[in-house]
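# Architecture and fold: a report
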Number of protein chains: 2
Amino acid sequence: MKTITLNTPLDMHLHLRDNDMLQTVAPLTAKSFAAALVMPNLVPPITTKEQLKSYAQRIKIAQGEEDFEAHLTLFFQPTYTKEFLEEVREDIIALKLYPAGITTNSDGGVSNFDIEELRPTLSAMSELGIPLCVHGETNGFVMEREAEFVSIYEQLASAFPNLKIIMEHITTKESVEALDKYPNLYATITIHHLLITLDDVAGGMLQPHLFCKPIAKRPIDREALRRVALSGHPKVMFGSDSAPHPQSAKESCGCAAGVFTAPIALQLLVELFDKEGADRENLQKFISDNAKNIYGIHPKEKRVTLEQKPFQVPPIYGNVVPMYAGEEIGWSIGLVE
Amino acid sequence: MKTITLNTPLDMHLHLRDNDMLQTVAPLTAKSFAAALVMPNLVPPITTKEQLKSYAQRIKIAQGEEDFEAHLTLFFQPTYTKEFLEEVREDIIALKLYPAGITTNSDGGVSNFDIEELRPTLSAMSELGIPLCVHGETNGFVMEREAEFVSIYEQLASAFPNLKIIMEHITTKESVEALDKYPNLYATITIHHLLITLDDVAGGMLQPHLFCKPIAKRPIDREALRRVALSGHPKVMFGSDSAPHPQSAKESCGCAAGVFTAPIALQLLVELFDKEGADRENLQKFISDNAKNIYGIHPKEKRVTLEQKPFQVPPIYGNVVPMYAGEEIGWSIGLVE
């Protein structure tokens, strides 16, 4: 049986939510990943040291016995001072910037991208070496939102050349192209955006469990994403953006945005890299090494062996329907050590 | 109170379905429209004279006491002979061509658009003066399917210059542009495609009740559709494509395509034309006169008066959720005589 061993897999964009949902999903990521960057868009969002400490503890309890490190993020606000950021520096890996209202629980986000408005906080982050993670969408037409945001990425990257800016869950060729133009722009890519296009969401029947923000784009965009992921491009990291919602919030009149991939992300990634004949080294870079370099983190080692044998995706985890629910995928998780 | 009276409103693209669904939806259209062109994509599709006679009778019973004429269509097959078409001529207003598998109940449709394959049937239709209604989508990327199909429209229009070809439920500026290039190309436009774009379907929460085929497109496309509809372009007719599905088939893992507008189509149309300051004459052309000219039909007169007073859209009709369920729209149906 063909096997592939990943060294210290990292999920650099993860939603663990809170309360019951946290209990359901945290163990699933903790089982197969060594560490993850956890998003702060709770209700209310995480904006204080107390919230960071408390959320870290709740995650610790929810993850159970698994060897797993949750790196927390702070919900970006342009009012943060350098003093405050110094205080929380040890509790966070990055700040996450959401345009106001752009996705789940982002109402308190930024509504004005005037560089001068943002300068005090971003300068402080730059001085302290705290990376900025960005959900990069305008409020324009849904298929153009990310491409339209590229000019904002470029302004930020030029204005703060020492600030590491991570374009989160990129979905377009325009974002891929921006990567190589600015030394301080980086990106995460999800497994679902490497696999699907808008055709999978809305080309046949409408598929609420494949609906997410940013929405999956055109075949030409998926091709651009695959090119940089499969080649192990040093500025690109895996970030699942696994975003659980209760089944009732997905299969209803107004379906919430988010694809839940945590329990199958590694299997799907290995399957894709294997099918496409990509180097195993590139997979290792994409799933771990690049993130270590970009964030300067040293996670505790965890070796995860994937086996090429069919895995039947469960129809539901708790009350959350995963991507490919009930379908068979080609790889399974074997030994984790 | 402001009122607008429509003379003999016609819905030139309507799905009445069958059995219980037919009982639910037929009276809703029959109440406010004088006549409608009814689509043949039942299971199995309507392909024989017996099916036509029988479906006509079932509709007659379902519509109740309302003064309303259902014009039936035959499901296009390239094997129909001239003799057969002569036999069913009196029972139909047109043939409806579906690319195989492109939408609800279209599996028996055309999979090969080779003109020579289609020539015998299309020549016979042309000679007998039977119009061809077409669902114009390729099986390409969902946002490009209709634009890609325009070259097929153009081939058909050139090869059969005396055949009236109706581009059904057009959604793109490319289809609008094709209208004026070929004298024998016509179009229907739905009310929902005049009102929404992909942003309304998938830009915020995912809205299954606004999901249809063809999917709603870009703002620039909606603008092109509005331009020809609001100006009363003589080759453009109203066709609701009202396409009911049970609530369970819409709010589930794989949501069926179709927007149910039958009970609110006239109110929404009048509201749009009024808001946009369009001539009432243009509305009359779009809702009735153009279709009479294009199809050469003489429906029994029915005068429908709309009143500018709020109408609360019911949350559900039978088991079908309408567009704008539970919301308030600006116009109501008043006197029908």
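I will try to describe carefully the structure that is included in this document. (Residues numbered from 1 in each chain as written. Chains lettered and ligands numbered in written order. Predicted model: local features only at pLDDT ≥ 70, side-chain atom pairs only at ≥ 80, totals over all residues.)

## Looking at the interface of chain B and chain A
Contact with chain B, which involves 22 residues of that partner, is made by 22 residues of chain A. Broken down by element, the side of chain B that touches chain A gets its largest block of residues, three residues, from helix α8 (residues 198–202) of chain B. Looking at the side of chain B that touches chain A residue by residue, the classes come out as 14 nonpolar, five polar and three charged. (Contact = placed C-beta atoms within 7 Å. Helix = DSSP H or I, 4+ residues; strand = E, 2+ residues; numbered from the N terminus. Nonpolar A, V, L, I, M, F, W, Y, C, P; charged D, E, K, R; others polar.)

## Description of the packing of helix α1 (residues 19–32) of chain A against helix α2 (residues 49–63) of chain A
Residues and elements named next belong to chain A. Contact pair α1 / α2: the axes reach a minimum separation of 8 Å and the direction vectors enclose 70 degrees. Considering the angle they form, α1 stands roughly perpendicular to α2. Residues L22, Q23, A26, P27 and A30 of α1 pack against R58, I59, A62 and Q63 of α2. In the contact of α1 with α2, the residues fall into six nonpolar, two polar and one charged. (Axes fitted to C-alpha atoms, helices over the stretch in contact; angles between N-to-C directions. Parallel < 35°, antiparallel > 145°, perpendicular 65-115°, else oblique.)

## Re the environment of E328 of chain A
Along the chain, E328 of chain A turns up in strand β12 (residues 328–329). When the C-alpha atoms of E328 of chain A and T48 of chain A are compared, they prove to be 43 Å apart, with 280 residues separating the residues in sequence.

## Structural notes on the sheet that holds strand β3 (residues 35–38) of chain B
Residue and element names in this part refer to chain B. If you walk across this open sheet you meet the eight strands as β2-β3-β4-β5-β6-β7-β8-β9, and the pairing is parallel. Whereas interior strands pair on both sides, the edge strands pair on one side only; in this sheet they are β2 (10–14) and β9 (236–238). Between one strand axis and the next, the sheet turns through 25 degrees on average, direction left out of account. Summarising the sheet, strand β7 (residues 165–167) and strand β8 (residues 185–189) pair through three bridges and their orientation is parallel. (Pairing = 2+ DSSP bridges.)

## Description of the pairing of strand β5 (residues 94–97) of chain B
Residue and element names in this part refer to chain B. Neither face of β5 is open: one carries A94 and K96, the other L95 and L97, and all of them are buried. As paired elements, strand β4 (residues 69–75) and β5 share three bridges and run parallel to each other. For T73, the partnering residue across the bridge sits in β5 and is A94. Handedness of the β4-helix α3 (residues 82–88)-β5 crossover: right-handed. Of the strand pairs in this sheet, β5 and strand β6 (residues 132–134) are connected by three bridges, and their pairing is parallel. In the sheet register, L95 faces β6, and the bridge partner there is L132. Taken together, β5, helix α4 (residues 115–128) and β6 constitute a β-α-β crossover, and its handedness is right-handed. (Buried ≥ 20, exposed ≤ 12 C-beta atoms within 10 Å, placed from the backbone. Right-handed = clockwise from strand over helix to strand, strands pointing away.)

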